[in-house]
Amino acid sequence: MSGPVFSSIAIVGIGLIGGSIARAARETGAAGEVRLFDASADVRAKATTLDLGTVFDSAAEAVAEADCVFLCVPSGAIGKAAEAVGPALQQGAILTDVASVKAEVAAAMQAHAPEGVHVIPGHPIAGTEQSGPDAGFASLFQRAWHILCPLEDQGDAYNAAVDRLALFWQMLGAEVERMPLARHDRVLAITSHLPHLIAYNIVSTAYDMESVDEGEVVKYSAGGFRDFTRIAASDPTMWRDVFLNNREAVLECLGRFSEDLAALQRAIRHGDGDLLFREFTRARGIRKAILDAGLDSAKVNFGRDRRPPDGGE
Ligand code: NAP
């Protein structure tokens, strides 16, 4: 495609994800104009300094002339953001988002979108543990999945809008997959939400253990713990909202996880090395499948090559 997919986009919430979309849209030419708003005056000032686009003092002004509006705020703030932009949206505009949970967020957007606006929930499977406009970078979405969760039975104009949004994300370098809302929430509960909960929990357990010195935890962190601390450094607001908004799917996974953990605990107690070996071998196979699919690298530090060139970890 030669020209921009959208002549004008608006981004509400200029954090890691919003800031990355702004940079990528301009760098790739996927959008002609980038209009920005954030609830925080400091963030708006920062976005102006970073020259991420045209910054407005209200959400309504930012979205007024946009063909496509991206809500890039924590899941728990989507309703408020959608309410602020709803009355100002153009007929035929797309209202999308990037939140990590989909069913509740989609309902919140639908509640505030006027007739004639296409609500298309979405989620980029890309990110880091950093927050804020400084943390964003244009290559974040390259070779990453972007999941779109189109609403059902919306008609031809809606389907054309979904295709257009998919094209936008492809121009940013993403691979687009379409998935029903509930399925997204179940899949992400096990692949993303539960791992974050485990990371938060293991880090706090390690720090609360009276038998281990805090200094020792830091000093010997390379033994597996360090990778958990990276995940556990993720934004507390975002992750609080993820668990509150994907409660059922996470609780279901947690139930299964607890049962499986209890089986490993029993195997250790009873010296059942066969069971441990079998389970660990199976897990190793899953890691190999991820590497074979080109979704990660076997390099030291997991070859985290989606980081900004200057490091950023
Ligand atoms: P972030 O860096 O914390 O940025 C979010 C920004 O939105 C903040 O500047 C925040 O301001 C602002 N904001 C909050 N409520 C607002 C409102 N009602 N109107 C306008 N601005 C508002 O967050 P992020 O990491 O970019 O995450 C944004 C979304 O992307 C979340 O829904 C998250 O689930 C999703 N996501 C994140 C990742 C990741 O790795 N981080 C990956 C995929 C998807 P204040 O700080 O002042 O509240």
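Right above here is the structure, for reference.
Enquirer: For the sheet that holds strand β9 (residues 175-178), give the residues involved together with the corresponding values.
Expert: As summarised here, the arrangement of the 3 strands in space is β7-β8-β9, forming an open sheet in which the pairing is mixed. Each end of this open sheet is capped by a strand with a single partner; those strands are β7 (122-124) and β9. Strand-to-strand twist in this sheet, taken as the mean axis angle between neighbours without regard to direction, amounts to 20°. Relative to strand β8 (residues 145-148), β7 is paired through 3 bridges, and the arrangement is antiparallel. Pairing of Gly122 across the sheet is with Leu148, part of β8. Where helix α6 (residues 156-171) meets the sheet, its contacts fall on β7, β8 and β9, and the angle it forms with β9 comes to roughly 150°.

Enquirer: Please provide a residue-by-residue account of α6, values included.
Expert: With 16 residues, α6 extends 23 Å from end C-alpha to end C-alpha; this agrees with the ideal 22 Å at 1.5 Å per step. Of the residues making up α6, those classed as buried are Tyr158, Ala161, Val162, Leu165, Ala166, Phe168 and Trp169. For α6, the buried positions fall inside an angular range of 155° around the axis, keeping them on one side. In this structure, α6 carries Asp156 and Ala157 as exposed residues pointing more than 90 degrees from its buried face. Looking one or two residues beyond α6, the residue adopting positive phi is Gly173, at roughly 105°.

Enquirer: Lay out the side chain of Arg44 with the relevant residues and their values.
Expert: You can see Arg44 is positioned in helix α2 (residues 41-49). If we skip the residues at most four places from it in the chain, Arg44 touches Phe37, Asp38, Ala39, Val55, Phe56 and Asp57.

Enquirer: How would you explain the site of the ligand if you had to name every residue and give the values?
Expert: Residues in contact with the ligand amount to 26 residues; listed here are only the nearest, Ile17, Asp38, Val73, Ser100 and Gly132. Between Ile17 and the ligand, the recorded distance is 2.9 Å, taken from a backbone N or O atom to an oxygen atom. Within the side chain of Asp38, an N or O atom sits 2.7 Å from an oxygen atom of the ligand. Burial of the ligand by the protein chains amounts to 81% of its free accessible area of 900 Å². The set of elements that each furnish at least two residues to the shell around the ligand consists of α1 (16-28) and β7. Here the shell around the ligand is composed, by residue class, of 15 nonpolar, 10 polar and 1 charged.

Enquirer: Account for the state of the cysteines, with residues named and values stated.
Expert: Here a disulfide denotes one covalent bond, and it connects the sulfur atoms of two cysteines. Scanning the entire structure with this criterion turns up 0 disulfides. No disulfide involves Cys68; its sulfur sits 9.7 Å from the nearest other cysteine sulfur, which is in Cys72. Judged by relative accessible area, Cys68 falls into the buried class, the value being 0%. Cysteine Cys149 is unpaired, with the sulfur of Cys68 as its nearest cysteine sulfur at 15 Å.

What counts, and at which threshold
- Residues numbered from 1 in each chain as written.
- Predicted model: local features only at pLDDT ≥ 70, side-chain atom pairs only at ≥ 80, totals over all residues.
- Heavy atoms only, no water.
- Pairing = 2+ DSSP bridges.
- Helix = DSSP H or I, 4+ residues; strand = E, 2+ residues; numbered from the N terminus.
- Axes fitted to C-alpha atoms, helices over the stretch in contact; angles between N-to-C directions.
- Contact = heavy atoms within 4.5 Å.
- Expected span 1.5 Å × (residues − 1).
- Buried < 20%, exposed > 50% of the residue type's maximum accessible area, 1.4 Å probe, protein only.
- Arc of directions from axis to C-beta.
- Near = heavy atom within 4 Å.
- Polar contact = N/O pair within 3.5 Å; in protein donor to acceptor, adjacent residues only side chain to side chain.
- Areas by Shrake-Rupley, 256 points an atom, 1.4 Å probe, with all protein chains shown as cover.
- Nonpolar A, V, L, I, M, F, W, Y, C, P; charged D, E, K, R; others polar.
- Disulfide = S-S within 2.5 Å.

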